There are 2 protein chains.
Amino acid sequence: MSKEITKVSNSVIGRLPMYYRFLIYLKNNGINKISSSSLAEKMHLNASQIRQDLNCFGGFGQQGYGYNIDYLIDVISSILDLTNLKNIIIVGAGKLGVTLVHDIDFQNLGFKLFGVYDNNKDILGTSINNNIIQDISNIENLKTTIDVAVLCVPKEYAKQTTVFLTKCGIKTFWNFTHQDLQIYFNDIIVENVHLSDSLMKLSYKHKHKHTSK
Amino acid sequence: MSKEITKVSNSVIGRLPMYYRFLIYLKNNGINKISSSSLAEKMHLNASQIRQDLNCFGGFGQQGYGYNIDYLIDVISSILDLTNLKNIIIVGAGKLGVTLVHDIDFQNLGFKLFGVYDNNKDILGTSINNNIIQDISNIENLKTTIDVAVLCVPKEYAKQTTVFLTKCGIKTFWNFTHQDLQIYFNDIIVENVHLSDSLMKLSYKHKHKHTSK
């Protein structure tokens, strides 16, 4: 399958998590099969877009029969690597870090929350949802490979924290700092989260009364 | 300008906040003009994509001269309605609500944070960053028009909270509940935030070593 996957465009990849969420929702509601047109209606998308997207992975829908939901979930889950457990750490145990520990279902997304780190002596040793906040300097001496770091430090510390973490061998970052790390680092893998982008889109929709999704 | 704007596709609108952020960053670094190729390099995008996007709004770049940053900021800001102050409330003052009060620069995004609401008697009257947490039932009696509600309630309360808020006249929602509201409501404006989608995308990038943005 991997040969096919490398041809898939970024915009299709960008939509896969949304398909995945909806398919899990349908499965949890006892639905086993769905047509692209029903899926389109539920997701407020275009049916031909959905067929086009899902056909990138080998056309596993059958005309007049619909998609097998379990199968689709398995395939998308494999493409997104959700079943292969990777170690993730949270760096920065401020309000945002604490919220993520509570709100993100890491396990079901293919991640094991290995630890929460900070450099604030006042909070080291306290715990968030059974995760003891540890000193960031401990990361240097870990015997376990850490796959991903969630950056929840203030923007002004983003660069130096990333320098440190890359020296510890971490190359993949879920970046909440609003600092564009790719200006400074060429060989890292980053997914940036900018909640303000989402609010700006809402502002546009509000002005133009866009009731569609 | 509004005639032109209504023709703009959702995907272009989706990229405008990103342009806006970068242009503000450049302006704050004393840069007044930029070519589409330099902007493309900084943003890890394709120059022809940028030219195409920005030309939707009337081609205000000049060949061999570059875009005037102040002008672009003004135009995008007007399209996204960032200068027209709208009233926003946060509903749900748990960890996520508190994080948003601290981390989102509402004022600079065209919003006035009018109030923070919850129904938990234990926290009513306490304050977050100078915003006193008020009883959610007070929203019914507000004399001020509320433009947008940020939904930070648990998923299982999302529907009933939205029913209540729509009765109070609110039609636009920044939805963090992971509940698909558009199943139940036809005439509301919603921007959904799914942080897990972003983590799934990172999982894909990590597996395939995508170092591009």
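All of these numbers come straight from a predicted model, not from anything done at the bench.

**Student:** Residue-level account of the overall build of chain A, with values.
**Tutor:** On a plain count of helices and strands, chain A comes out with eight helices and nine strands. C-alpha atoms of chain A, sized along the principal axes, occupy 60 × 45 × 35 Å. Taking all 213 residues of chain A together, 52% fall into the buried category. A separation of at least 24 residues holds for 58% of the contacts in chain A among residues at least 6 apart in sequence. Entry remark: accessible area of chain A is about 10,200 Å², with carbon and sulfur atoms responsible for 45%. Here chain A contributes 22 positively and 18 negatively charged side chains, and the mean placements of these two sets differ by 6 Å.

**Student:** Hey, could you go over the sheet that holds strand β7 (residues 148-151) of chain B for me, with residue numbers and the actual values?
**Tutor:** Residues and elements named next belong to chain B. On the basis of which strands lie adjacent, the open sheet formed by seven strands has the order β5-β6-β4-β3-β7-β8-β9 and mixed pairing. Sheet topology places β5 (127-128) and β9 (189-192) at the edges, where each strand pairs with a single neighbour. Looking at chain direction, β5 and strand β6 (residues 131-135) are connected through two bridges and run antiparallel. In the sheet register, S127 faces β6, and the bridge partner there is I132. Those strands touched by helix α7 (residues 158-167) are β3 (86-91), β7 and β8 (172-175), and its axis lies near 170° from that of β7.

**Student:** I'd love a proper account of the relation of the copies chain B and chain A, names of residues and values included.
**Tutor:** What relates the pair of chain copies is a rotation about an axis plus a shift along that axis. Once chain B has been moved 0.0 Å along the axis and rotated by 180°, it coincides with chain A to within an RMSD of 0.0 Å. Between the two chains, the operation in question is that of a two-fold axis.

**Student:** Outline the nonpolar core, supporting the account with residue identities and numerical values.
**Tutor:** Within the largest apolar cluster, 106 residues are counted, with the highest numbers of intra-cluster contacts made by W174 of chain A together with W174 of chain B. In this structure W174 of chain A touches I104, F106, V148, A149, V150, L151, E191 and V193 of chain A together with L195, S198, L199 and L202 of chain B, once residues within four positions along its chain are discounted.

**Student:** Give me the pairing of strand β8 (residues 172-175) of chain A: which residues, what numbers.
**Tutor:** Residue and element names in this part refer to chain A. Residues T172 and W174 of β8 are buried on one face, and the alternating residues F173 and N175, pointing to the opposite face, are buried as well. Sheet topology places strand β7 (residues 148-151) next to β8; four bridges connect them, and they run parallel. Paired with V148 across the strands is T172, a residue of β8. Taken together, the four bridges between β8 and strand β9 (residues 189-192) define a ladder with parallel strand orientation. In the strand pairing of β9, T172 is matched with I189.

**Student:** Could you give an account of the packing of aromatic side chains, with specific residues and numbers?
**Tutor:** A complete count under the given rule lists two aromatic pairs over all chains for this structure. Aromatic side chains W174 of chain A and F176 of chain A sit 4.8 Å apart centroid to centroid with 70° between the ring planes, which places their arrangement in the edge-to-face category. An identical accessibility class is assigned to W174 of chain A and F176 of chain A; each is buried. Its guanidinium or amino end placed over the ring of F111 of chain B, K86 of chain B lies 4.8 Å from that ring's centre, counting from NZ or CZ.

**Student:** Kindly report on the confidence of the model for chain A, identifying the contributing residues and their values.
**Tutor:** Scored by pLDDT, chain A comes out at a mean of 89, with 92% of its residues at no less than 70. Scored as a complex, the prediction yields pTM 0.90 and ipTM 0.92.

**Student:** Any details on the interface of chain B and chain A? Residues and values, ideally.
**Tutor:** With 67 residues of chain B at the interface, the matching set in chain A holds 67 residues. Summing both partners gives a buried area of about 6,000 Å² for chain B against chain A, and 65% of it is carried by carbon and sulfur. Considering only the surface of chain B that becomes buried against chain A, L199, M200 and Y204 of chain B emerge as the three largest contributors, covering 12% of it. Counting every contact that joins chain B to chain A gives four salt bridges. Here R21 of chain B makes a salt bridge to D197 of chain A, at a shortest N to O gap of 2.7 Å. Counting across the interface, chain B meets chain A through 23 residue pairs in polar contact (both at pLDDT 80 or more). At the level of secondary structure, the elements contributing two or more residues to the side of chain B that touches chain A comprise α2 (10-28), α5 (69-79), β3, α6 (95-103), β8, β9 and α8 (195-208) of chain B. Sort the elements by how many residues they give to the side of chain B that touches chain A and α8 of chain B lands first, with 14 residues. Among the residues making up the side of chain B that touches chain A, the classes are represented as 32 nonpolar, 19 polar and 16 charged.

Cut-off values and rules
- Residues numbered from 1 in each chain as written.
- Chains lettered and ligands numbered in written order.
- Predicted model: local features only at pLDDT ≥ 70, side-chain atom pairs only at ≥ 80, totals over all residues.
- Heavy atoms only, no water.
- Helix = DSSP H or I, 4+ residues; strand = E, 2+ residues; numbered from the N terminus.
- Buried < 20%, exposed > 50% of the residue type's maximum accessible area, 1.4 Å probe, protein only.
- Contact = heavy atoms within 4.5 Å.
- Areas by Shrake-Rupley, 256 points an atom, 1.4 Å probe, with all protein chains shown as cover.
- Lys, Arg positive; Asp, Glu negative; His and termini not counted.
- Charge placed at Lys NZ, Arg CZ, Asp CG, Glu CD.
- Pairing = 2+ DSSP bridges.
- Axes fitted to C-alpha atoms, helices over the stretch in contact; angles between N-to-C directions.
- Least-squares fit on C-alpha atoms with pLDDT ≥ 70 in both.
- Core = buried A, V, L, I, M, F, W, Y, C linked by side-chain atoms within 4.5 Å.
- Phe/Tyr/Trp six-rings, centres within 6.5 Å; stacked < 30°, edge-to-face > 60°.
- Lys NZ or Arg CZ within 6 Å of the ring centre and 35° of its normal.
- pLDDT = per-residue confidence, 0-100.
- Buried area = accessible area lost by both parts, 1.4 Å probe.
- Salt bridge = Lys/Arg side-chain N within 4 Å of Asp/Glu carboxyl O.
- Polar contact = N/O pair within 3.5 Å; in protein donor to acceptor, adjacent residues only side chain to side chain.
- Nonpolar A, V, L, I, M, F, W, Y, C, P; charged D, E, K, R; others polar.

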